Every structure is written in C-alpha cells, then in structure tokens.
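Summary of the model geometry
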Amino acid sequence: MALNVAPVRDTKWLTLEVCRQFQRGTCSRSDEECKFAHPPKSCQVENGRVIACFDSLKGRCSRENCKYLHPPTHLKTQLEINGRNNLIQQKTAAAMLAQQMQFMFPGTPLHPV
C-alpha cells in the first residue's frame with residue numbers, strides 16, 4: 001500500500017494588512033514609508049487585508065492591471081520572510097506526518113507528490 005502526501009498550497013503568507021488611514025484617505029506616509037499596504041483600486045481588499053502578487057515578488061509579473069498588490073521593497077522583504085517561514089512549517093508538518101504514517105503502517109513506502 002503506497003501513500004501519496006501532497007503539499008497544500010497556503011496563500012495566507014501572501015496577505016498584508018491594509019493601512020486604515022490610507023483607506024480613509026488620510027495617511028500622510030508614502031507607500032515606501034508606511035508599514036501597511038497602500039493598494040491601488042484594482043486590488044481586492046477583504047477584511048482589511050490584500051493579497052500580494054507572487055509573480056511581482058519574483059520580478060516577473062507582466063499583467064497590465066494586476067488584481068494583486070505589487071508591494072514596495074520593505075513589504076516585499078516581509079513577504080519573502082513569511083514565505084520562507086511558511087515553507088519551513090510545511091516541510092516540518094510533512095515530515096511529522098510521514099513519521100506518524102510510518103509508525104502507523106510499518107513498511108509502507110511513502111511517495112511525495
């Protein structure tokens with residue numbers, strides 16, 4: 001009996017909190033100075049958060065009116081750290097699951113997907 005372990009795609013690490021003052025039109029800081037996101041109108045804001053463009057983090061978004069936030073440098077750095085931490089958590093969880101499965105079903109080969 002072979003078990004396939006597929007990673008679950010988690011995009012929570014790509015979300016940023018939107019500046020409340022920016023939403024009210026009263027933020028005196030620029031996009032580069034504010035520690036919160038200042039999304040353009042083309043971006044969808046849900047529960048005070050906005051999703052960043054993964055392709056823009058990699059420097060390869062070519063969409064004309066991207067519906068995701070293209071974050072400034074300081075927020076991009078924050079997202080890259082979040083992404084690395086998320087990968088570490090996923091790998092740790094997968095390793096723990098594999099270890100538990102080996103304990104529950106000795107001799108069963110695991111095939112990562």
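Residues numbered from 1 in each chain as written. Predicted model: local features only at pLDDT ≥ 70, side-chain atom pairs only at ≥ 80, totals over all residues. Heavy atoms only, no water.

1. As for the pattern of salt bridges
This model, assessed by the stated rule, comprises two salt bridges. Asp55 is the salt-bridge partner of Arg60, the closest N and O atoms lying 3.9 Å from each other. Judged by relative accessible area, Arg60 falls into the exposed class, the value being 53%. One salt bridge connects Arg63 with Asp55, and the closest N-O pair in it is separated by 2.9 Å. Among the residues examined, Arg63 registers a relative accessible area of 42% and is labelled partly exposed. Salt bridges sharing partners connect three or more residues here, namely Asp55, Arg60 and Arg63. (Salt bridge = Lys/Arg side-chain N within 4 Å of Asp/Glu carboxyl O. Buried < 20%, exposed > 50% of the residue type's maximum accessible area, 1.4 Å probe, protein only.)

2. Details of the UniProt feature "zinc finger region: C3H1-type" (unreviewed entry) in the protein chain
Mapped onto this structure's residue numbering, the UniProt feature "zinc finger region: C3H1-type" (unreviewed entry) falls at residues 13-41 and 47-73. Between the end C-alpha atoms of residues 13-41 there is a gap of 22 Å, over a span that is 17% helix and 10% strand. In the segment residues 47-73, helix accounts for 19% and strand for 11%; the C-alpha atoms at its two ends are 23 Å apart. (UniProt positions renumbered as here; feature names shortened; annotations may be inferred. Helix = DSSP H or I, 4+ residues; strand = E, 2+ residues; numbered from the N terminus.)

3. Focus: the environment of Gln23
Topologically, Gln23 is positioned in helix H1 (residues 20-24). The exposure class of Gln23 is partly exposed, given its relative accessible area of 47%. Placed 16 residues apart in sequence, Gln23 and Pro39 show a C-alpha to C-alpha distance of 9.0 Å. Beyond its immediate sequence surroundings of up to four residues, Gln23 is in contact with Val18 and Val45. (Contact = heavy atoms within 4.5 Å.)

4. Examining the sheet that holds strand S2 (residues 15-17)
Working definition: the strands of a sheet are paired by backbone hydrogen bonds and lie parallel or antiparallel to each other. Within the open sheet, the three strands sit side by side as S2-S4-S3. Their pairing is antiparallel. Of all strands in the sheet, those bounded by a partner on one side alone are S2 and strand S3 (45-46). Taken together, the three bridges between S2 and strand S4 (residues 49-51) define a ladder with antiparallel strand orientation. Each residue of the ladder has a partner; that of Leu16, found in S4, is Val50. (Pairing = 2+ DSSP bridges.)

5. Here's the deal with the nonpolar core
Ranked by size, the top nonpolar core spans twelve residues in total: Trp13, Leu14, Leu16, Val18, Ala37, Cys43, Val50, Ala52, Leu57, Leu69, Leu75 and Leu79. The residues contacting Val50, other than those within four sequence positions of it, are Leu14, Thr15, Leu16, Val18, Ala37, Pro39, Cys43, Gln44 and Leu69. (Core = buried A, V, L, I, M, F, W, Y, C linked by side-chain atoms within 4.5 Å.)

6. A word on the side chain of His38
Among the secondary structure elements, His38 is positioned in the loop between H1 and S3. A polar side-chain atom of His38 sits 3.0 Å from a polar atom in the side chain of Asp31. If near-sequence neighbours (up to four positions away) are discounted, His38 is found in contact with Cys19, Phe22, Cys27, Arg29, Ser30, Asp31 and Leu69. (Polar contact = N/O pair within 3.5 Å; in protein donor to acceptor, adjacent residues only side chain to side chain.)

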